[in-house]
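# Coordinate analysis (summary)
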Amino acid sequence: MPIIKLQDLYFKPYINKDKIAAIVTHLAKSVKADLPKNEIPIFVGILNGCFLFAADFIREFAGNCEVSFVKLASYDGTSSKGEIKNLVGINEDLTGRTVIILEDIIDTGATLQEIYNIFQDKNVKQLKVATLFFKPDVFRKELPIDYIGQSITDEFIVGYGLDYNGLGRNYPEIYQLSTAPKMKNIVLFGPPGAGKGTQADFLKDLYNLVHISTGDVFRFNIKNKTDLGILAKKYMDEGNLVPDEVTINMLKAEIAKNKDANGFIFDGFPRTQSQAEALDNYLTEKGEQINGMVALEVPEDVLVTRLLERGKTSGRTDDTDETKIRNRFNEYNTKTAVLKDYFEAQNKYYGINGVGSVAEITQRISNVFDTL
């Protein structure tokens, strides 16, 4: 769950979808347990925010039921205006019926008061209220709330039906209002021979960022025999892949060395979706995020020619064998395809034409950097 931006505000992950599902299931079972046998309740959702909660709740409810909705409005931006507008009322005959109100969130209680006003002359058998979230610190009414999914602090939240100026309702998780990230963090990708290292050197100086190369970090830890370096070397000597956890911990240590950095260029990391998720989670804990994945795109035949030429002077045997070179491309393409999908899903993937002079490519990347 990375940080999200809605219009002018940033929101950090707060409650994941698995936790939400568990809360909804618990509420549905609690309501069912309190109903007389064979009684058919009518659930009334309070729109707009409750539509996802109501849908999931009703699916979890083990029994027959009826469903209706009331549309109320009280929020403007991130603040409750206090005055409630009844936009769509209830038309069903509720005489002698058990009515369960489904609310996404109860804060000051102004909306709850309006709900009780609406139903006071409906001659219902009983009226109960089930809310997904409750803010006890700001609740100002002497009104009963029968079922509370989770009590939360008085912070503005979005997601799972809740919105900020109409946006954010479609997220399956809950996000909490946060401060704007201060760093610019870029994942720089490119196939072997694309000139990624050269570009990283220019960009780190141009934008005053710290360049973190996974290869350099590994070599440093192994050379200096750090605990992580010794552990990584043990796996490598045994012919095994270094576990993601070890690699990630090395990266965390490198980030911790540069607490005052304006941001980072991650070079060669992440290489898998699990690494990308771990990096997202780590940065999110710090109130930061990956701004974008910038990938240098160069035709494979051009790269093969470049690497074979480089192999004449580099001393790297893997730059002199075309079969080995193309195998490296296959590995890169397999890994990048997964990461491309991951970052594209967040609207953070930027493919850059990697053919041209160093200055031309730097300018293309800068044009993207300046928008992030």
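The preceding data block contains the structure.
Keep in mind that what you see is a predicted model, and the values were worked out from it rather than measured.

### Comments concerning the side chain of Ser366
With respect to the helices and strands, the residue Ser366 is situated in helix α11 (residues 358-369). Judged by relative accessible area, which is 6%, Ser366 ranks as buried. Leaving out residues up to four positions away in the same chain, Ser366 has contacts with Leu203, Leu206 and Tyr207.

### Side note on the sheet that holds strand β11 (residues 186-189)
Pairing in this open sheet of five strands is parallel, and the strands run β12-β13-β11-β14-β15 from one edge to the other. The sheet terminates laterally at β12 (210-213) and β15 (349-353), the two strands that pair on one side only. Between one strand and the next, the sheet's axes are offset by a mean angle of 25 degrees, whatever the strand orientation. Looking at chain direction, β11 and strand β14 (residues 292-297) are connected through four bridges and run parallel. Along β14, the bridge assignment pairs Phe189 with Ala295. The sheet strands contacting helix α5 (residues 214-223) are β12 and β13 (264-267), and the helix crosses β12 at an angle near 70 degrees.

### Remarks on the side chain of Lys196
Along the chain, Lys196 falls in helix α4 (residues 196-206). On the basis of relative accessibility, which here comes to 18%, the residue Lys196 falls in the buried class. Setting aside residues no more than four positions away along its own chain, Lys196 makes contact with Leu188, Phe189, Gly190, Asp267, Gly268 and Leu296.

### Details of empty space enclosed by the protein
Counting across every chain of the model gives one cavity of 30 Å³ or more. Here the largest cavity defines a volume of roughly 50 Å³. Every residue along the wall of the largest cavity is listed here: Ile248, Leu251, Lys252, Ile255, Phe269, Gln275, Ala278, Leu279 and Tyr282. Going through the elements one at a time, α7 (244-256) and α8 (273-285) are the ones with two or more residues in the lining of the largest cavity.

### With respect to the layout of surface pockets
Of the voids in this model, the largest pocket is the one considered here, and its volume is about 1,600 Å³. Lining the largest pocket are 43 residues, with Lys196, Gly215, Gly268, Arg271 and Arg316 positioned closest to its centre. Among the elements of the structure, β11, α4, β12, α5, α7, α9 (300-314), α10 (322-344) and α11 are those that each provide at least two residues to the lining of the largest pocket. The element best represented in the lining of the largest pocket is α5, accounting for six residues. Classifying every residue of the lining of the largest pocket gives 15 nonpolar, 15 polar and 13 charged. A volume near 790 Å³ is recorded for the second largest pocket. Contributing elements (two or more residues each) for the lining of the second largest pocket: β1 (4-6) and α8. In terms of residue count, α8 provides more of the lining of the second largest pocket than any other element does, three residues in total. Split into classes, the residues belonging to the lining of the second largest pocket amount to 13 nonpolar, seven polar and five charged.

### Structural notes on the environment of Gly49
Mapped onto the elements, Gly49 comes out in the loop between β3 (42-47) and α2 (51-60). Taking the C-alpha atoms as reference, Gly49 lies 7.5 Å from Arg169; in sequence the two are 120 residues apart. Ignoring any residue separated from it by four or fewer positions in sequence, one finds Gly49 in contact with Asp104, Tyr160, Gly161, Leu162 and Arg169.

### Focus on the pairing of strand β6 (residues 98-106)
Sheet faces and side chains relate simply in a regular strand, where the side chains alternate between the two faces. Burial analysis of β6 places nine of its nine residues in the buried class, which makes it a mostly covered element. Inspection of the sheet shows β3 paired to β6 by four bridges, in the parallel sense. Looking at the pairing, Phe43 lines up with Ile100 of β6. Bridge count between β6 and strand β7 (residues 126-134): eight bridges; the pairing is parallel. Within β7, the position partnered with Ile101 by the bridge is Val129. Tracing the backbone out of β6, into helix α3 (residues 110-119) and back to the parallel element β7 gives a crossover that is right-handed.

### Describing the pairing of β13
Burial of the side chains of β13 extends over both faces: Phe264 and Phe266 are buried on one face and Ile265 and Asp267 on the other. Bridge count for β11 against β13 is three bridges, and the pairing is parallel. Bridge pairing links Leu188 to Asp267 in β13. The sheet contact formed by β12 and β13 spans four bridges and is parallel. Within β13, the position partnered with Ser213 by the bridge is Asp267.

What counts and what doesn't
Within each chain, residues carry numbers counting from 1 in the order of the written sequence. Residue-level local features of this predicted model are given only where pLDDT is at least 70; pairs of side-chain atoms are given and counted only at 80 or more, and the full residue set underlies all totals for whole chains, interfaces and linings. Side-chain measures here rest on the full set of heavy atoms in the structure, leaving out hydrogens and waters. Every helix listed is a DSSP run of H or I at least four residues long, and every strand listed is a run of E at least two residues long, numbered separately from the N terminus. Residue exposure (1.4 Å probe, protein chains only): buried if accessible area is under 20% of the type maximum, exposed if over 50%, otherwise partly exposed. Note on contacts: a residue pair is in contact if any heavy atoms of the two residues lie within 4.5 Å. Strands are treated as partners if at least two bridges between them are detected by DSSP. A fitted line through C-alpha atoms represents every axis, and for helices the fit uses only the stretch in contact; the resulting angles, taken between N-to-C directions, go from 0 to 180 degrees. Only protein atoms enter the 1 Å grid used here. Points where a 1.4 Å probe fits but cannot escape make up a cavity, open sets with protein on both sides within 12 Å along at least five of seven lines make up a pocket, and a residue lines them when an atom lies within 4 Å of a point. Grid points are joined across faces, edges and corners, and a volume is the space filled by probe spheres set on the points. Under the scheme applied here, ten amino acids are nonpolar (Ala, Val, Leu, Ile, Met, Phe, Trp, Tyr, Cys and Pro), four are charged (Asp, Glu, Lys and Arg), and all others, including Gly, are polar. Crossovers are marked right-handed if the path from the first strand over the helix to the second runs clockwise, as seen with the strands pointing away from the viewer.

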